[in-house]
Amino acid sequence: MGGDEIDEIEAGHRQELRRGTVGLACLLRLRTPDYGYALLESLGADGIDVDANTLYPLLRRLEKQGLVTSEWSTGEARPRKFYRTSPEGDRLARVLTDDWHRLDAALRGLIQGGES
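Residues numbered from 1 in each chain as written. Predicted model: local features only at pLDDT ≥ 70, side-chain atom pairs only at ≥ 80, totals over all residues. Heavy atoms only, no water.

Describing a nonpolar patch on the surface
(1) Moving on: Taken together, the side chains of Met1, Ile6 and Ile9 present a nonpolar region at the surface, about 320 Å² in accessible area.
(2) Moving on: With respect to the helices and strands, the residue Ile9 is situated in helix α1 (residues 3-29).
(3) Moving on: Among the residues examined, Ile9 registers a relative accessible area of 39% and is labelled partly exposed. (Patch = residues over 30% accessible without salt bridge, like charges linked within 9 Å, V, L, I, M, F, W, Y side chains within 5 Å. Areas by Shrake-Rupley, 256 points an atom, 1.4 Å probe, with all protein chains shown as cover. Salt bridge = Lys/Arg side-chain N within 4 Å of Asp/Glu carboxyl O. Helix = DSSP H or I, 4+ residues; strand = E, 2+ residues; numbered from the N terminus. Buried < 20%, exposed > 50% of the residue type's maximum accessible area, 1.4 Å probe, protein only.)

Points about the sheet that holds strand β3 (residues 80-85)
(1) Moving on: Taken in spatial order, the 3 strands make up an open sheet running β1-β3-β2, and their pairing is antiparallel. Two strands lie at the open edges of the sheet, namely β1 (34-35) and β2 (68-73), each paired on one side alone.
(2) Moving on: Two strands pair when backbone bridges link them, and β2 and β3 are joined in this way by 6 bridges, in the antiparallel orientation. Directly across from Glu71, in β3, lies its bridge partner Phe82. (Pairing = 2+ DSSP bridges.)

Examining the packing of aromatic side chains
(1) Moving on: For the coordinates displayed, the defined rule picks out 1 aromatic pair.
(2) Moving on: The interplanar angle of 65° and the centroid separation of 5.5 Å between the aromatic rings of Tyr35 and Phe82 together place this pair among those described as edge-to-face. Separated by 47 residues along the polypeptide, Tyr35 in strand β1 and Phe82 in strand β3 bring together distant segments of the chain.
(3) Moving on: The class of Phe82 is partly exposed, set by a relative accessible area of 21%. (Phe/Tyr/Trp six-rings, centres within 6.5 Å; stacked < 30°, edge-to-face > 60°.)

Quick look at α1
Think of an α-helix as 3.6 residues a turn; residues three or four steps apart then line up on the same face.
(1) Moving on: Between its first and last C-alpha atoms α1 spans 37 Å; for 27 residues at 1.5 Å apiece the expected length is 39 Å, and the two agree.
(2) Moving on: The largest bend in α1 is about 30°, located at Arg19.
(3) Moving on: Of all the positions in α1, only Val22, Gly23, Leu24, Ala25, Cys26 and Leu27 are classed as buried.
(4) Moving on: Of the surrounding elements, those touching the buried residues of α1 are α2 (36-45), α3 (52-64), β2, β3 and α4 (87-111). (Expected span 1.5 Å × (residues − 1). Bend = angle between axes of the 7 residues up to and from the residue. Contact = heavy atoms within 4.5 Å.)

Take it as geometry only, folks, not as evidence of what the structure does.
Printed below as a string of structure tokens:
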């Protein structure tokens, strides 16, 4: 296996690992309403790098599932669509966060060589 192939395999696995975490991060971050570009920037500042081509379809999917709501703000020079986690999205975020903590503890045990 060449270096490029290993890099490609690693990139695929990293993308898989991040895919679900980005949805959870959005649900958590949008407990405070925000618009797409600001969400993109705040997630990046928190160490969760997301491409706009990934974020906007995710937001549309979360909205379609009833996990986030949106409304247009026309009070500024440019209208902006603000997103907020819905009550159902907040409930799901709590469930996923609990799962995250269980998985994190299990993985920490594996990393340290113990049983979980």
